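Close look at the chain arrangement
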Amino acid sequence: MNPPDLDRMISRVEDLPTLPRTVLKITELVNDPKSSARDLARIITDDQVLAARLLKLVNSSFYGFPQRISTITGAIVLLGFDAIRNLLLTTSVFDLFSNRRKISLIRQEQFWDHSLGCAVGAKVIGDHLRYDKVEELFVSGLLHDIGKIVEMIFIPDEFKEINQLIRNKNILMITAEEKILGYSHPLVGKLLAERWNLPPKLISVILHHHKPTEAGPFVLEAAIVHLADIFCRSLNIGYGGDNKMPALDRLAWDNMRIKPQAIEAMMAEIKGEFDEISLFITHTP
Amino acid sequence: MIGLKIEELKPGMILARSVYNQQDLLLLEKGTSLTKKRIWMLKTWGVDRVSVKGKSQGGGESDFEAVLETKESIEAELKAKFADVIDEPIMQEIMKAAARQLQKSLIDQEKENEPA
């Protein structure tokens, strides 16, 4: 049974933000084996903001293509359907939450940096492990804490209490949430992800990023985001809401088979890539 | 505390007062350490003066000494952050690696801050 507050939040699930129609259309297209690059290009070109962002991104050194890419079709051919969908999902998600005057700007900027840092971190760790769909990891990292944003918007009073408790006791946000709400942001994020019809893998990572061993078939993906979170917090990339390190899920760590000597090189790469990409997808409130 | 023009800000300086925009929305909280990106953000918001930690020396506008992050302050901050999880050997490795990386950025910042 869910705690009463959570029930209240679920009952308002119809009010939860929805994804921009363009991104939903693109998701449909990506799932349709008959669709072509030209179909996708047509939808993106209709949305000038998305089109401009996409071109800016593919031309950033994050992707490192030697030539300038000036057409949407060119970008699609180079990056592939899934990558495009994930990129646009990336840049759209945070628009949903902007212009909400109740949230302080620093909070938004820092939260965005934390999410973006974890996205980059998950990609870097994925590359290290030769995981074949690093774009998926990127999006997982980006969305792992989305539950915190939902709390900020839907239960602002309780969210304020949570933050006061964090400040007074210097504890993790998840601990403060359990104390005040009886549930925490992974569960809230999962509800939103379900509402958005995101893929099961993504939902599972959001729900289990603090305890990846419980993620069943997606334990590797959840472990990667879990580690990315720890790396970003230790490197002061953004602000996840508190000043504590979450406990390492040791089983999940062992499962990844990362050599301790490889840690620092990965962290250096995350720092470098984060600085690079954050200039391109800066969240402008 | 010293008041500086936006052009005088350097990465590593620490805000002594919160910064607001013209509509009184909070931009950056007091205590935030400045990065290139944050300075750029303040510029784009049209902020022209902020207060940073430090003291002015002599009487001239440009005689000041700002408090910057140090190797020691980085280590102390990490230790506090890792206090509950430091029994885990992997977390110790992560903390050491983070300390080296953060100190490296500090040195890079200092180099950038040196007058050319």
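Residues numbered from 1 in each chain as written. Chains lettered and ligands numbered in written order. Predicted model: local features only at pLDDT ≥ 70, side-chain atom pairs only at ≥ 80, totals over all residues.

The number of helices and strands found in chain B is three helices and six strands. Start at the N end of chain B and walk to the C end: the helices and strands fall as β-β-β-α-β-β-β-α-α. With 116 residues in all, chain B has 22% of them scored as buried. Partitioning the intrachain contacts of chain B with sequence separation of at least 6 by distance along the chain shows that 54% fall at a separation of at least 24. (Helix = DSSP H or I, 4+ residues; strand = E, 2+ residues; numbered from the N terminus. Buried ≥ 20, exposed ≤ 12 C-beta atoms within 10 Å, placed from the backbone. Contact = placed C-beta atoms within 7 Å.)

Parts of the model with low pLDDT should not have their predicted coordinates read in detail. Residues and elements named next belong to chain B. Across chain B, the average pLDDT comes to 83, with 85% of residues at or above 70. Predicted confidence in chain B is weakest over strand S3 (residues 26–28), with a mean pLDDT of 75, and strongest over strand S4 (residues 49–52), with 90. Complex prediction metrics read pTM 0.76 and ipTM 0.77. (pLDDT = per-residue confidence, 0-100.)

What follows is about the interface of chain B and chain A. The extent of an interface is frequently quoted as the accessible surface area lost upon association of the parts. Counting from both sides, the interface comprises 22 residues of chain B and, opposite them, 21 residues of chain A. Looking at the side of chain B that touches chain A, the elements with two or more residues in it are S3, helix H2 (71–82) and helix H3 (89–113) of chain B. Of the residues forming the side of chain B that touches chain A, the biggest block, 10 residues, is contributed by H3(B). Here the residues of the side of chain B that touches chain A sort into 14 nonpolar, one polar and seven charged. (Nonpolar A, V, L, I, M, F, W, Y, C, P; charged D, E, K, R; others polar.)

Take the packing of helix H8 (residues 134–143) of chain A against helix H13 (residues 200–208) of chain A next. Residue and element names in this part refer to chain A. Where H8 contacts H13, the axes come no closer than 9 Å and their chain directions differ by 40 degrees. Considering the angle they form, H8 stands oblique to H13. You can see that H8 and H13 cross each other, and the crossing is right-handed. Taking contact as the criterion, the partners of Glu 136, Val 139, Ser 140 and Leu 143 in H8 are, on H13, Lys 201, Leu 202, Val 205 and Ile 206. Each residue belonging to the contact of H8 with H13 can be placed in one class, and the counts come to five nonpolar, one polar and two charged. (Axes fitted to C-alpha atoms, helices over the stretch in contact; angles between N-to-C directions. Parallel < 35°, antiparallel > 145°, perpendicular 65-115°, else oblique. Left-handed = near helix turned anticlockwise from the far one by under 90°.)

The next point concerns the nonpolar core. One finds A:Leu54, A:Ala122 and A:Ala228 to be the most contacted residues of the largest nonpolar core, which totals 81 residues. A per-element tally of this core places helix H14 (residues 219–234) of chain A first, with 10 residues. When sequence neighbours within four positions are dropped, the list of residues in contact with A:Ala228 reads A:Cys118, A:Gly121, A:Ala122, A:Ile125 and A:Gly141. In terms of nonpolar packing, the next biggest core, distinct from the first, is built from 14 residues, B:Leu15, B:Leu27, B:Leu34 and B:Leu42 among them. (Core = buried A, V, L, I, M, F, W, Y, C linked by C-beta atoms within 7 Å.)

With that settled, the discussion passes to helix H11 (residues 173–180) of chain A. Residues and elements named next belong to chain A. Of all the residues in H11, the buried ones are Met 173, Ile 174, Ala 176 and Glu 177. Buried residues of H11, seen end-on, are gathered within an arc of 160 degrees and therefore sit on one face of the element. If you follow the buried residues of H11, they end up packed against helix H10 (156–169) and helix H12 (185–195). Residue Gly 182 follows H11 closely and has a positive phi angle near 90 degrees. (Arc of directions from axis to C-beta.)

Turning our eyes to something else, we now look at the environment of B:Phe64. All names here are of chain B. Along the chain, Phe 64 turns up in strand S6 (residues 64–66). Using a count of 16 C-beta atoms within 10 Å as the deciding quantity, one classes Phe 64 as partly exposed. Between the C-alpha atom of Phe 64 and that of Ile 2, which follows or precedes it by 62 residues, the distance is 7.5 Å.

Take the environment of A:Val150 next. For A:Val150, the location among the structural elements is in helix H9 (residues 146–154). Remark: the alpha-carbon pair of A:Val150 and A:Leu191, spanning 41 residues in sequence, is separated by 9.8 Å.

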